[in-house]
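A look at the structure
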Amino acid sequence: MNNCKNNNTVNQTIQILEANKISEGQGRAYVAYTIKYGDHIVKRRYSDFESLKNILGRLFPTSLIPPIPKKETIKTYGKAITGNTNDFSLPSNDIDLIDLSSSVINENIPSTDAKLIRHRIRMLTLFLEKVLQNEEINKTSIITDFLEPNHTNWNEFVASSPTFSSLPRNILNCNPLDPTNTSRLYVSLPVPSSTQLIIPKEVRSVSTTPKRAKEKFDLIDQEYRLYENIISNGIYKHNKRATKILYDLKTDYNEIKDVTAAFVKDSQRDVGIQEQLVHISDLYSDSSVLLEQLVSRLHYNVSEPLSETVGMAGSARELIKFRRLKYLQNDMIKKSLSSKQKQLAKLTTEHSRFSHMDEAIDEAVTNSQQISLQRPNTDPNNNSGGWFS
């Protein structure tokens, strides 16, 4: 990875053109996403995006890295959106801000899985767009490396790159401004333990402005946790419930429409009743279409943005966690330096005392050309001058 600014990255658009199911043998398969960036076209799988996000977190520990969609099956995703796991399908996507008109899904993929893949295509496209808009990241070639067609296997490229392999495992032992330029000094820094991140009870109840920096980190972390909880367990939860009710209501309307349509086909029915049933069937059909549009708007304009916001809040808390750990690390360094300074002062005093003895010995040798091993005569009444009396 080169530390050179890529001026053309911001001006170029990025698209995920298609998704293909690729077999690995022995019944295993994965979905490969074809990305078009400028004149380059490259295939990447979901785990490659996970790897890129983790690498960005290590290379830019002081930057906010956008989240990627969770890796989940259509059943877990359907349960997260509407509470249903059986026969769940995503709403229509006629109002989305991300242009997926050129995105296609190939191979024999079930329709429900195809809609989940389309959801991932949209969210991964947003991830790449936000990463490309980050000025700090664009000062390096990490994104162009990820989108380089010659790097067919991203994991092999990462493993063979000295830039990534030389990074310390713990980001607290990296140079925070440039982890690729980490000296031995950073590697030797102490690392705070996870128990030091536990917020004490007395800090949790603090309502006034904190005086210590550590308390500030604790309160900021609390605020983000509260913000994340309000969104995920408050607004998102109630919107999900409303979406589920409307989704079930739309399903019921479709069933009523089908039942009335079946009655209409009975030739023995009265003409007047048939006309009424046709009218009722049309009403339920129109209502079902309106409910489908409403569910679509709630899903794409509310649920997914809220989910992305929760992900960004989680990323922000990770950034706060890193900065708090750096603060604790700095505090540990200060305490260690203070202890070493006291030891140095003690050793300096000892050295000064022994220096006087060395000077006395040197002076005696200079004057007599020999070293006297006799104890100095400090008692005028004692002329023995021996070592032991």
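What you see is a predicted model, and the numbers here were worked out from it, not measured in a lab. (Residues numbered from 1 in each chain as written. Predicted model: local features only at pLDDT ≥ 70, side-chain atom pairs only at ≥ 80, totals over all residues. Heavy atoms only, no water.)

Another point: the packing of aromatic side chains. The geometry of two aromatic rings is summed up by the distance between their centres and the angle between their planes. Tallied over the entire structure, the rule returns 6 aromatic pairs. Plain terms: the ring middles of phenylalanine 146 and tryptophan 154 are 5.1 Å apart, the flat faces sit at 80 degrees to each other, and that makes the pair edge-to-face. Accessibility assignment for this pair places phenylalanine 146 and tryptophan 154 in one class, buried. Taking 6.3 Å as the distance between ring centres and 75 degrees as the angle between the ring planes, the aromatic pair formed by phenylalanine 157 and phenylalanine 164 counts as edge-to-face. You'll find phenylalanine 157 and phenylalanine 164 in the same group, each marked buried. Here the aromatic cluster, defined as three or more aromatic residues joined through ring pairs, consists of Tyr33, Phe49, Phe146, Trp154, Phe157 and Phe164. Note that arginine 120 overlies the ring of tyrosine 46, its terminal NZ or CZ placed 5.4 Å from the centroid. Above the plane of the ring of phenylalanine 354 lies arginine 353, whose end atom (NZ or CZ) is 4.7 Å from the centre. (Phe/Tyr/Trp six-rings, centres within 6.5 Å; stacked < 30°, edge-to-face > 60°. Buried < 20%, exposed > 50% of the residue type's maximum accessible area, 1.4 Å probe, protein only. Lys NZ or Arg CZ within 6 Å of the ring centre and 35° of its normal.)

For the rest of this paragraph, the subject is helix α1 (residues 46-59). Taking 1.5 Å per residue as the helical rise, α1 with its 14 residues ought to reach 20 Å, and the 20 Å between its terminal C-alpha atoms agrees with that figure. Regarding α1, the residues found buried are Tyr46, Asp48, Phe49, Ser51, Leu52, Ile55, Leu56 and Leu59. (Helix = DSSP H or I, 4+ residues; strand = E, 2+ residues; numbered from the N terminus. Expected span 1.5 Å × (residues − 1).)

For the rest of this paragraph, the subject is the nonpolar core. Buried together is how nonpolar side chains tend to be arranged in soluble globular proteins. Formed by 34 residues in total, the largest nonpolar core has its most connected members in Tyr33, Ile35, Leu52, Leu56 and Ile142. At the level of secondary structure, the elements contributing two or more residues to this core comprise β1 (14-25), β2 (28-37), α1, α3 (111-132), α5 (142-146) and α6 (154-160). Sorting elements by how many residues they give to this core places α3 first, with 7 residues. In this structure, Leu246, Leu291, Val295 and Leu298 belong to the second largest nonpolar core, which totals 5 residues. (Core = buried A, V, L, I, M, F, W, Y, C linked by side-chain atoms within 4.5 Å.)

Before going further, it helps to spend a moment on a negative patch on the surface. There is a patch of like negative charges on the surface, built from Asp358, Glu359, Asp362 and Glu363. Within the fold, glutamate 359 resides in helix α11 (residues 271-368). (Patch = residues over 30% accessible without salt bridge, like charges linked within 9 Å, V, L, I, M, F, W, Y side chains within 5 Å. Areas by Shrake-Rupley, 256 points an atom, 1.4 Å probe, with all protein chains shown as cover. Salt bridge = Lys/Arg side-chain N within 4 Å of Asp/Glu carboxyl O. Lys, Arg positive; Asp, Glu negative; His and termini not counted. Charge placed at Lys NZ, Arg CZ, Asp CG, Glu CD.)

Take the pairing of β1 next. Bridge count for β1 against β2 is 10 bridges, and the pairing is antiparallel. Across the sheet, the residue bridging to lysine 21 is valine 31, located in β2. Between β1 and β2, which pair antiparallel one after the other, the connecting turn spans 2 residues, and glutamine 26 there sits at a positive phi close to 55 degrees. (Pairing = 2+ DSSP bridges.)

Once that is clear, we can look at the pattern of salt bridges. According to the stated counting rule, one finds 7 salt bridges in the structure shown. In this structure, the salt-bridge partner of lysine 244 is aspartate 248, at a minimum N-O distance of 2.9 Å. Taken together, the residues span about one helical turn, with lysine 244 and aspartate 248 both in helix α10 (residues 213-264) at a distance of 4 residues. With a relative accessible area of 24%, aspartate 248 lands in the partly exposed category. When the shortest N-O distance is used, the salt bridge between glutamate 292 and lysine 250 registers 3.0 Å.

Inspection of the secondary structure assignment puts lysine 250 in helix α10. A polar side-chain atom of lysine 250 sits 3.0 Å from a polar atom in the side chain of glutamate 292. (Polar contact = N/O pair within 3.5 Å; in protein donor to acceptor, adjacent residues only side chain to side chain.)

Bringing the confidence of the model for the protein into the picture now. Detailed reading of the predicted model is not advised wherever pLDDT is low. Mean pLDDT over the protein works out to 76, with 73% of the residues at or above the 70 mark. Considering only residues more than four positions removed or in separate chains, one finds that residues 77-91, a stretch of pLDDT under 50, has 46 contacts. Throughout residues 94-98 the model reports pLDDT below 50, and contacts reaching past four residues in sequence, or to other chains, amount to 8 contacts. (pLDDT = per-residue confidence, 0-100. Contact = heavy atoms within 4.5 Å.)

Let us look at the side chain of arginine 44. Mapped onto the elements, arginine 44 comes out in strand β3 (residues 40-45). Although buried, arginine 44 forms no salt bridge, and the nearest oppositely charged side chain, aspartate 48, lies 4.6 Å from it. For arginine 44, the side chain forms a polar contact with the main-chain oxygen of phenylalanine 146, separated by 2.9 Å. Other than its neighbours up to four places away in sequence, arginine 44 contacts Val31, Ala32, Tyr33, Ile35, Phe49, Asp145, Phe146, Glu148, His151, Thr152 and Trp154.

Position of isoleucine 55 among the secondary structure elements: in helix α1. The exposure class of isoleucine 55 is buried, given its relative accessible area of 9%. A sequence separation of 103 residues divides isoleucine 55 from valine 158, and the C-alpha atoms of the two residues are 9.1 Å apart.

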